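Below are the chains, spelled out letter by letter.
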Amino acid sequence: MSPAKTAAERKADERQRHKEAGRVYRVQDAEGRGPFRPGFSHWWVEERPDHDNLVPWMQQFGHDAIPRTGWPFGKHFGCACRTLGQLRRWFTASEYATLQRFGFQAVSMEADRVLHESEIQLLFQRAKPLRADVSPVDLYGPNARLSGPQRPAQEVEDGRK
């Protein structure tokens, strides 16, 4: 059994975790919700051979990945990727185009703390809601606006403005 960490070691560990947080990338709607939802994913997910490599965060990090005690009220949690390359593993260009028609887009944001991280995703915490202080990013090309009225999918498909 390893000896208990000193207060200085715990503080250094905390600084390292905050340093590693930084900017993260995710796909979300104007409310800050991601597209992997019961009853919705079948509308946009395409069948492809690498889906077995994309493990949901609860399966990868466990149901206790988000601590239930000791956290200040008002913290917000989400899944994201460290790089745009990682994010492209989760969403093909055609899946992303479909998601854009549903009002989703790729964004970057500052994370306050990374709780867990793997080669495909990370689970993060931030004080601000996930919809606040985000910047649109080009995942496969120009993005639609994050806020405001969304054009109906038929208009997008027809090329109408």
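Our structure is the block above this text.
What comes next is a walk through the structure. Here the structure is a predicted model, which is why all the values come from computation and not from measurement.

Looking at the packing of aromatic side chains
Inspection of every chain in the model, using the stated rule, returns 7 aromatic pairs. Relative to Trp44, the ring of Phe36 has its centre 5.0 Å away and its plane inclined at 70°; by these criteria the two rings are edge-to-face. Measuring from ring centre to ring centre gives 5.1 Å for Phe40 and Phe102, while their planes differ by 85°; the resulting arrangement is edge-to-face. Placement of the pair is Phe40 in the loop between strand E1 (23-28) and helix H2 (57-61) and Phe102 in the loop between helix H4 (93-101) and strand E3 (105-110), with a sequence separation of 62 residues. An aromatic cluster is built from Phe36, Trp44, Trp90 and Phe91, whose rings are joined through pairwise contacts. In this arrangement the basic side chain of Arg37 is found over the ring face of Phe40, its NZ or CZ atom lying 5.7 Å from the centre. The ring of Tyr140 has Arg88 sitting right over it, with the charged end atom 5.9 Å from the ring centre.

Structural notes on the pattern of salt bridges
Tallying each qualifying case throughout the model produces 5 salt bridges. The residue Glu110 makes a salt bridge to Arg23 at a minimum N-O spacing of 3.3 Å. Of this pair, Glu110 sits in strand E3 while Arg23 sits in strand E1, and the two are 87 residues apart along the sequence. By relative accessible area, which is 39% here, Glu110 ends up partly exposed. Glu95 is the salt-bridge partner of Arg48, the closest N and O atoms lying 3.3 Å from each other. With a gap of 47 residues between them, Arg48 in the loop between E1 and H2 and Glu95 in helix H4 connect regions that are remote in the sequence. You can call Glu95 buried: its relative accessible area is 0%.

Details of the side chain of Thr98
Of note, Thr98 is situated in helix H4. Excluding anything up to four places from it in sequence, Thr98 contacts Trp43 and Trp44.

Digging into the pairing of strand E4 (residues 113-117)
Examined bridge by bridge, E4 and strand E5 (residues 122-126) share 4 bridges and lie antiparallel to one another. Counterpart to Val114 in the pairing with E5 is Phe124. The antiparallel pairing of E4 with E5 creates a hairpin that spans 4 residues between the two strands.

What about unusual backbone geometry?
A positive phi angle, close to 55°, is found at Asp133, a residue other than glycine. Mapped onto the fold, Asp133 is located in the loop between E5 and strand E6 (135-136). For Asp133, a relative accessible area of 54% gives the class exposed.

As for the nonpolar core
Judged by nonpolar contacts, the single largest core of 16 residues is most densely connected at Val27, Leu87, Phe91, Leu99 and Ala106. Breaking this core down by element, the ones donating at least two residues are E1, helix H3 (84-90) and H4. Counting residues in hydrophobic clusters, the runner-up holds 11 residues, among them Ala21, Val24, Ala80 and Val107.

Comments concerning the sheet that holds E5
Strand order in the open sheet made by the 3 strands is E2-E5-E4, with antiparallel pairing throughout. Looking at which strands have only one partner, the edges of the open sheet turn out to be strand E2 (76-80) and E4. Going from strand to strand, the sheet's axes swing by 25° on average, the running direction of each strand aside.

A closer look at the sheet that holds E3
A sheet is described by the order of its strands in space; here 3 strands give the open sequence E1-E3-E6, paired in antiparallel fashion. Single-partner strands in this sheet number two, and they are E1 and E6. The sheet contact formed by E3 and E6 spans 2 bridges and is antiparallel. Across the sheet, the residue bridging to Ser108 is Ser135, located in E6.

Scoring rules and cut-offs
- Per chain, residue numbering runs from 1 following the sequence as it is written.
- Since the coordinates come from a predicted model, pLDDT governs what is reported: local features require at least 70, and pairs of side-chain atoms require 80 or more to be given and counted, while whole-chain, interface and lining totals use all residues.
- Heavy atoms from the whole structure form the basis of all side-chain values; hydrogens and water molecules are not counted.
- Classification of ring pairs uses Phe, Tyr and Trp, with its six-membered ring standing for Trp, and accepts pairs whose centres are within 6.5 Å; under 30 degrees between planes counts as stacked, over 60 as edge-to-face, and the remaining range as tilted.
- Secondary structure elements are taken from DSSP: a helix is a run of H or I of four residues or more, a strand is a run of E of two residues or more, and numbering for both begins at the N terminus.
- By the criterion adopted, a ring carries a charge over it if an Arg CZ or a Lys NZ lies within 6 Å of its centre and within 35 degrees of its normal.
- The rule for a salt bridge is simple: a side-chain nitrogen of Lys or Arg has to be within 4 Å of a carboxyl oxygen of Asp or Glu.
- Think of it in three bands: with a 1.4 Å probe and only protein chains considered, a residue is buried below 20% of the maximum accessible area for its type, exposed above 50%, and partly exposed in between.
- Pairs of residues are marked as contacts when any of their non-hydrogen atoms sit within 4.5 Å.
- In short, DSSP must find at least two bridges between two strands for them to pair.
- As used here, the term nonpolar core means buried Ala, Val, Leu, Ile, Met, Phe, Trp, Tyr and Cys residues forming a set that is joined through side-chain atoms within 4.5 Å.
- Every axis in this analysis is a line fitted to C-alpha atoms, fitted for helices over the stretch in contact. Angles between the N-to-C directions lie between 0 and 180 degrees.

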